[in-house]
Amino acid sequence: MQDTVTLPKTKAKPRTERPKLYKVILLNDDFTPREFVVTVLKSVFRMTEGEAYGVMLTAHRKGACVVAVYTREVAETKAGMANDWARSQDYPLAFTTEREE
Ligand code: TYC
């Protein structure tokens, strides 16, 4: 019995946890120029002119618009960069992040 190999009785579940995802949300305001919103969306969120214009217009009309979904680190970094840029130009433009259900 010295060379007997005992196998584990429990089987490890081959499960990979998916990272939680976070939405970046663009909020409307009455002061930031439309063109600046589009420029930030193109530069920070790598959108085309058409995509950026569509997202800007939805936020303008409805009050808010989901820009994109990322892992927490990326969502918070991009929202922070966009907010810092807006503040540096004295615009009240705001991006928030929200955990996806
Ligand atoms: N409402 C702004 C204006 O009329 C434009 C704007 C659009 C600002 C979307 C923010 O998230 C925004 N100048």
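Along each chain, the written sequence defines residue order, and numbers are assigned to residues from 1. Owing to the predicted nature of the model, reporting of local features is limited to residues with pLDDT of at least 70; listing and counting of side-chain atom pairs is limited to 80 or more, with chain, interface and lining totals taken over all residues.

Asker: Would you mind going over the overall build of the protein chain with me for this structure?
Answerer: A run of DSSP states H or I qualifies as a helix once it reaches four residues; a run of E qualifies as a strand once it reaches two. Both are numbered from the N-terminal end. Scanning the protein chain from terminus to terminus reveals three helices and three strands. Counted from the first residue to the last, the protein chain has its helices and strands arranged as β-α-α-β-α-β. Every radius of gyration here is taken over C-alpha atoms, with the globule rule written as 2.2 Å times N^0.38, N being the number of residues. Taken over the C-alpha trace, the protein chain has a radius of gyration of 22 Å; the compact-globule value for 101 residues is 13 Å, which it surpasses by more than 25%. Its C-alpha atoms give the protein chain principal-axis dimensions of roughly 80 × 25 × 20 Å. In this scheme the burial state of a residue depends on its C-beta neighbours within 10 Å: 20 or more other such atoms mean buried, 12 or fewer mean exposed, and anything in between means partly exposed; the C-beta positions come from the backbone. Buried positions account for 21% of the 101 residues belonging to the protein chain.

Asker: Hey, could you run me through the UniProt feature "domain: Adaptor protein ClpS core" (unreviewed entry) in the protein chain in this one?
Answerer: UniProt positions are given in the numbering used here, feature names are shortened, and annotations may be inferred rather than shown by experiment. Sequence positions flagged by UniProt for "domain: Adaptor protein ClpS core" (unreviewed entry) are, in local numbering, residues 18-96. A helix fraction of 53% and a strand fraction of 23% characterise residues 18-96, whose end C-alpha atoms lie 22 Å from each other.

Asker: Quick question: what am I supposed to make of the nonpolar core here?
Answerer: Soluble globular proteins tend to pack their nonpolar side chains together in the buried interior. Val24, Val37, Leu41, Val55, Met56 and Val67 are the most contacted members of the largest nonpolar core, which totals 20 residues. Only strand E1 (21-27), helix H1 (34-44), helix H2 (49-62), strand E2 (64-71) and helix H3 (72-88) provide two or more residues apiece to this core. With five residues, H1 is the single largest residue contributor to this core. Contacts here follow a simple rule: the backbone-placed C-beta atoms of the two residues must lie within 7 Å. Excluding residues within four positions of it along the chain, Met56 makes contact with Arg34, Val37, Val38 and Leu41. To count as a nonpolar core, a set of buried Ala, Val, Leu, Ile, Met, Phe, Trp, Tyr and Cys residues must be joined through C-beta atoms within 7 Å.

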